[in-house]
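What follows is each chain in one-letter form.
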Amino acid sequence: MKNGPLAVVAAAVLWGTAGTAGLLVSADSIALAAARLVIGGAALVLFAGRGVLRVVRPGLLLAAVAVAAYQLCFFAAVDRAGVAIGTVVAIGSGPVFTGLLSWALHGRRPSGRWALATMAAVCGCAALLAGGVLGDSGGGAAQASGRLVPGVLLALLGGLIYAFYAVTAARAISAGAPSGAVMGVLFGGAAVIMLPILAWRGVTWLAEPRGLLAALYLGLAATALAYFLYGRGLRTTPVATAATLALAEPAVAALLGLVVLGEHLPPLSVAGLALLAVSLVAVAVPERRTVPEPQREAAAAARGGAGR
C-alpha cells in the first residue's frame, strides 16, 4: 500500500489538533465548525482548480451534502448525549459502517484481521475517552432527561453519514478521479451549505486575532491539508482500513491535552491509548497474501519452463 497508511495517519494527526486549537476561540462549536468547513472547502477548491469541474457528479454532490450533515449530526448528538458518549459513538461507529458499506456497495469484503483490529481500536477509543469522564454528571443528566437515546441515534447517523462520504470519495478516486479534485467537490460543496449557518451563528469572533488565527489553522491545516492527505491515502489504502487508521485522531487529541494543556490521563485512558496504538499498527501493516496452491503450482511450472 506504499505510503497510503502514512498519509491517512498524518491526516488523523492534524484532525487531532483541532480540539486544542478550538480552545483559543470564543465562538460556539457550531460557528467554529462552519468556519472550518468554509475556509477549508474554499482552500481545497482553489488548490484543485478546474479539476473540480471535471469530476462533479451527482454522487459526489450528495457526498458534499453528507459532509455538512455530519457536522450538524455530530454537534446535535453531543448536545443530547454528552461529549463523551456522542464522540465515542460517532467516531467509533464510522470505521464499522465504512467497512460494511464498502462490502455491501462495492463487494470489498474486509479481512478478519481488519475486523478484530477495528473492534479493538473502537474499544480503545471508548476507554480513552471514557476514562476522563467517569463520574461526570453530563451522562447522567442526558439519561435523566431522556435525551440519551436520541443523542446516540444521532451519533450513529453521523457515523453512517461519514462512512457514506468516505466510501463515495474512495470509489471516485479508485476510478481514476484526482484525489484533490474529489475532496474539492466534497468540501467546496459543504462550504457553500455551511456559509449561511456561519452567518447565522455570527462572525464577530473572527475579528479577534486569536479567533482568526485559530479559524485559519482549523480550515487550512486541520481540514484542507488533512483531507488532501486523506484523499492521497485513499489512492492506495482500502477505505475501511483508512477509516480505522483515522481513529488515531482521539489519541493525538488526548496526547496534546496531556503535553500542551497539562491534563491528567487516568489509568483507563492510558490503557485505551495503548490498545488503540497496537490496533492501528495491526491495521497499518500490510497483510501477506496467500497464493492458492493451484496458482503456486502454475507459477512453479512457468519458472521451470523459462529455465529450459
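Scroll up for the structure.
The structure reproduced in this document is the subject of the present report. (Residues numbered from 1 in each chain as written. Predicted model: local features only at pLDDT ≥ 70, side-chain atom pairs only at ≥ 80, totals over all residues. Heavy atoms only, no water.)

Overview of the overall build of the protein chain
Along its length, the protein chain carries 15 helices and 0 strands. Here the protein chain, with 308 residues, has 46% of them falling under the buried criterion. Contacts spanning at least 24 positions in sequence make up 88% of the contacts within the protein chain whose residues lie at least 6 apart. Here the protein chain displays about 15,000 Å² of accessible surface, and carbon together with sulfur accounts for 69% of that area. (Helix = DSSP H or I, 4+ residues; strand = E, 2+ residues; numbered from the N terminus. Buried < 20%, exposed > 50% of the residue type's maximum accessible area, 1.4 Å probe, protein only. Contact = heavy atoms within 4.5 Å. Areas by Shrake-Rupley, 256 points an atom, 1.4 Å probe, with all protein chains shown as cover.)

Some points on the environment of Trp200
Relative to the helices and strands, Trp200 is located in helix H10 (residues 179-201). Trp200 sits 169 residues away from Ala31 along the chain, and the two C-alpha atoms are 8.4 Å apart.

Considering the pattern of salt bridges
Summed over the entire model, instances satisfying the criterion amount to 1 salt bridge. Close ionic contact of Arg201 with Asp28 constitutes a salt bridge, the shortest N to O distance being 3.3 Å. Taken together, the residues Arg201 in helix H10 and Asp28 in the loop between helix H2 (18-22) and helix H3 (29-48) connect sequence positions 173 residues apart. Its relative accessible area of 32% is what places Arg201 among the partly exposed residues. Exposure remark for Asp28: the relative accessible area of 29% places this residue in the partly exposed category. (Salt bridge = Lys/Arg side-chain N within 4 Å of Asp/Glu carboxyl O.)

Examining H10
With 23 residues, H10 extends 32 Å between its outermost C-alpha atoms, agreeing within 8% with the 33 Å of an ideal straight helix rising 1.5 Å per residue. The largest bend along H10 reaches roughly 35° and is located at Met194, with the proline Pro196 sitting one to four residues downstream. Positive phi shows up at Gly202, right after H10, with a value of about 105°. (Expected span 1.5 Å × (residues − 1). Bend = angle between axes of the 7 residues up to and from the residue.)

Digging into the environment of Val25
Of note, Val25 is situated in the loop between H2 and H3. Residue class for Val25 comes out buried when judged on its relative accessible area of 12%. Here the alpha-carbon distance between Val25 and Ala215, two residues 190 residues apart in the chain, equals 8.1 Å. When sequence neighbours within four positions are dropped, the list of residues in contact with Val25 reads Leu32, Trp205, Gly211 and Ala214.

A word on the side chain of Thr17
Structurally, Thr17 can be placed in the loop between helix H1 (4-16) and H2. There is a polar contact of 2.6 Å between the side chain of Thr17 and the backbone oxygen of Leu14. Beyond its immediate sequence surroundings of up to four residues, Thr17 is in contact with Tyr217, Val252 and Leu256. (Polar contact = N/O pair within 3.5 Å; in protein donor to acceptor, adjacent residues only side chain to side chain.)

Brief notes about the nonpolar core
In this structure, Tyr165, Leu186, Trp205 and Tyr230 are the most contacted members of the largest nonpolar core, which totals 82 residues. Residue contributions to this core peak at 11 residues, all from helix H9 (residues 148-174). (Core = buried A, V, L, I, M, F, W, Y, C linked by side-chain atoms within 4.5 Å.)

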